[in-house]
Amino acid sequence: MTRLDARSAKSLPACEGEGVLHGSSKRGQRHERRPVLFAALLALGLVAAGIPADAFAQQAGAPAVGVVKAERRPITTTFDFVGRVEAIGKVDLRARVTGFLQERAFEEGTEVTENELLFKIEPSQFQAEVEQRKADLASAQAELVNKKLDLTRAQELERTQVGTRVRLENATAAQQKADAAVMGAEAALKLAEINLGYTEIRAPLAGKIGRSTYTVGALVGSDAGTLATIVSQDPMRVSFPISVREGFAIRERLGGGNGAAANVRVRIKLPDGSDYPHLGKIDFVDSQVDRSTDTVLIRATLANPVIRKGSGNARDLIDGAVVTVKIEGSEPQMAVTVPRSAMLVDQQGPYVIVVDKESLAQVRRVRIGQGTAEIAAIDSGLEAGEMVVVEGVQRVRPGQPVTPTPVVPATRQDRMPK
């Protein structure tokens with residue numbers, strides 16, 4: 001009995017100790033579960049009250065965003081197209097008579113003046129032809145004089161009743177025939193002189209002449225093709241097609257009616273990307289739509305002055321060059337504008353995030369108009385004075401409270417680049 005009590009006494013503290021330890025561990029686990037249980041109960045209470053569970057977390061820490069104020073400012077409306085430079089005058093020089101080239105009187109690639117001598121064909125055979133025709137004319141004129149005398153004598157004899165009526169009629173016919181021969185000889189002489197003049201090929205207009213197809217000594221004629229080409233230099237044209245849809249948009253923005261062309265200006269960018277300093281003016285709009293492309297051809301005229309004098313007189317616009325054409329309104333139009341960084345796009349189209357008076361982020365669907373590389377013009381969906389998010393958009397969800405901070409845009413530009 002004593003031994004059993006001893007063993008029980010020895011084992012009892014160990015059991016009681018284990019019981020104390022186990023009890024402490026369970027109480028610790030219960031303490032750790034209390035915050036989790038509290039949060040779960042709070043969430044259930046918020047849901048029961050009709051408040052989203054994440055609204056409480058949002059109120060606790062509203063994300064900071066950078067905002068700018070939508071402003072109404074003048075914007076020059078522009079439309080961009082691809083165009084091609086065309087010379088107003090362009091002539092392919094051809095030989096009109098057959099002969100050997102005797103002279104080339106110009107330097108290739110230089111500008112020539114109107115009526116300047118360019119090519120000369122050997123004129124000797126044509127000069128001889130002229131002399132022959134002159135002789136034929138003199139002979140015909142002499143014959144006409146003789147026939148006129150015969151007619152005079154026949155008329156006198158018929159009046160004195162010595163000659164016959166038949167003789168008078170024959171003399172009259174002979175005189176008329178001689179008169180016609182003179183006219184034929186005069187026409188032949190004129191044609192010979194024209195052919196002689198064709199031996200000198202002169203510039204029909206002022207402009208720059210290209211390379212010569214034939215050299216001195218080559219046989220040329222009407223079937224020899226183009227000897228050289230002259231293109232006028234100042235002014236020049238730029239032609240560009242626009243779709244019918246774009247045409248309606250231009251008319252709506254820049255003014256309708258027959259005087260729409262007067263309300264626009266034409267600017268171009270050269271092939272190297274630089275701005276051309278001279279404005280153009282639309283002078284032609286085609287009356288038909290190209291059925292294969294559904295486009296209308298438009299043409300504008302621009303000055304093309306000399307930028308560097310010399311044998312070639314360097315100019316910016318070259319016939320056939322491809323340029324960027326910008327059509328812009330003659331007067332700026334007021335529009336609500338925001339930085340391009342504020343613009344967002346999804347499957348439904350463009351939109352911006354605005355911050356309302358309660359500092360809540362809201363999605364605003366907008367329609368974008370013309371603008372610049374840094375500034376977007378808003379046609380509808382946004383009012384001037386509203387605060388638009390430009391920084392921290394990725395941290396914002398619709399309806400979420402935010403902490404707005406004004407941001408100064410890095411650049412401000414009120415018109416399209418020239």
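Note that residues are indexed from 1 along each chain, following the sequence as it is written. In keeping with the predicted nature of the model, local features appear solely for residues at pLDDT of at least 70, side-chain atom pairs appear and are counted solely at 80 or more, and the whole-chain, interface and lining totals rest on all residues. Side-chain measures here rest on the full set of heavy atoms in the structure, leaving out hydrogens and waters.

Before going further, it helps to spend a moment on unusual backbone geometry. Cis geometry marks the peptide bond from Asp 234 to Pro 235; its omega dihedral reads 0 degrees. Assignment of secondary structure puts Pro 235 in the loop between strand 11 (228-231) and strand 12 (236-243). Of note, the phi angle at Asn 115 is positive, near 70 degrees, even though the residue is not glycine. Going along the chain from the N terminus, every DSSP run of H or I of four or more residues is numbered as a helix, and every run of E of two or more is numbered as a strand. Secondary-structure assignment places Asn 115 in the loop between strand 6 (111-112) and strand 7 (117-121). Phi is positive for Ser 359, close to 60 degrees, though the residue is something other than glycine. Among the secondary structure elements, Ser 359 is positioned in the loop between strand 21 (349-355) and strand 22 (361-365). When a residue's accessible area, from a 1.4 Å probe over protein chains only, is under 20% of the maximum for its type it is buried; when over 50% it is exposed; and in between it is partly exposed. For Ser 359, a relative accessible area of 25% translates into the label partly exposed.

When a strand is regular, its side chains alternate between the sheet's two faces. Buried residues dominate strand 21, accounting for six of its seven residues. By the convention used here, strands pair only if DSSP detects at least 2 bridges between them. Summarising the sheet, strand 20 (residues 344-346) and strand 21 pair through three bridges and their orientation is antiparallel. Within the sheet, the bridge partner assigned to Asp 346 lies in strand 21 and is Gly 349. Summarising the sheet, strand 21 and strand 22 pair through five bridges and their orientation is antiparallel. Note that in strand 22 the partner of Val 355 across the bridge is Ala 361.

On to the pattern of salt bridges, then. By definition here, a salt bridge exists when the distance from a side-chain nitrogen of Lys or Arg to a carboxyl oxygen of Asp or Glu is within 4 Å. A full pass over the atoms with the stated rule returns 16 salt bridges. Residues Lys 90 and Asp 319 are paired through a salt bridge, measuring 3.8 Å at the closest nitrogen-oxygen approach. Of this pair, Lys 90 sits in strand 4 (residues 90-93) while Asp 319 is found in the loop between strand 17 (314-315) and strand 18 (322-329), placing the two residues 229 residues apart along the sequence. When its relative accessible area of 29% is taken as the criterion, Asp 319 is described as partly exposed.

On the basis of which strands lie adjacent, the open sheet formed by four strands has the order 4-11-9-6 and antiparallel pairing. The open sheet is flanked by strand 4 and strand 6, the only strands paired with a single partner. Judged from the four bridges that link them, strand 4 and strand 11 form a sheet pairing that is antiparallel. Residue pairing for strand 11: Asp 92 is matched across the bridge by Thr 229.

Take the environment of Glu 328 next. Structurally, Glu 328 can be placed in strand 18. Glu 328 sits 251 residues away from Thr 77 along the chain, and the two C-alpha atoms are 5.4 Å apart. Among the polar contacts listed, one links the side chain of Glu 328 to the side chain of Arg 267, at a separation of 2.8 Å. Two N or O atoms form a polar contact when they lie within 3.5 Å of each other; inside protein one atom must be a possible hydrogen donor and the other a possible acceptor, and for residues adjacent in sequence the pair counts only when both atoms belong to side chains.

Let us look at the environment of Arg 395. Relative to the assigned elements, Arg 395 resides in the loop between strand 25 (387-391) and strand 26 (403-406). Exposure remark for Arg 395: the relative accessible area of 44% places this residue in the partly exposed category. Spatially, the C-alpha atoms of Arg 395 and Ala 62 are 9.9 Å apart, while their sequence positions differ by 333 residues. Apart from residues lying up to four places away in sequence, Arg 395 is in contact with Pro 63, Ala 64 and Gln 400. Contact criterion: two residues are considered in contact whenever any of their non-hydrogen atoms come within 4.5 Å of each other.

On to the confidence of the model for the protein. The predicted model of the protein averages 80 in pLDDT, with 78% of residues at 70 or higher. For every residue, the predictor reports its confidence as pLDDT, a number between 0 and 100. Low confidence marks residues 1-51, where pLDDT is under 50. Its contacts with residues over four positions away, or in another chain, come to two contacts. Low pLDDT (under 50) marks residues 53-60, which in the prediction has six contacts with non-local residues, meaning those over four places away or in another chain.

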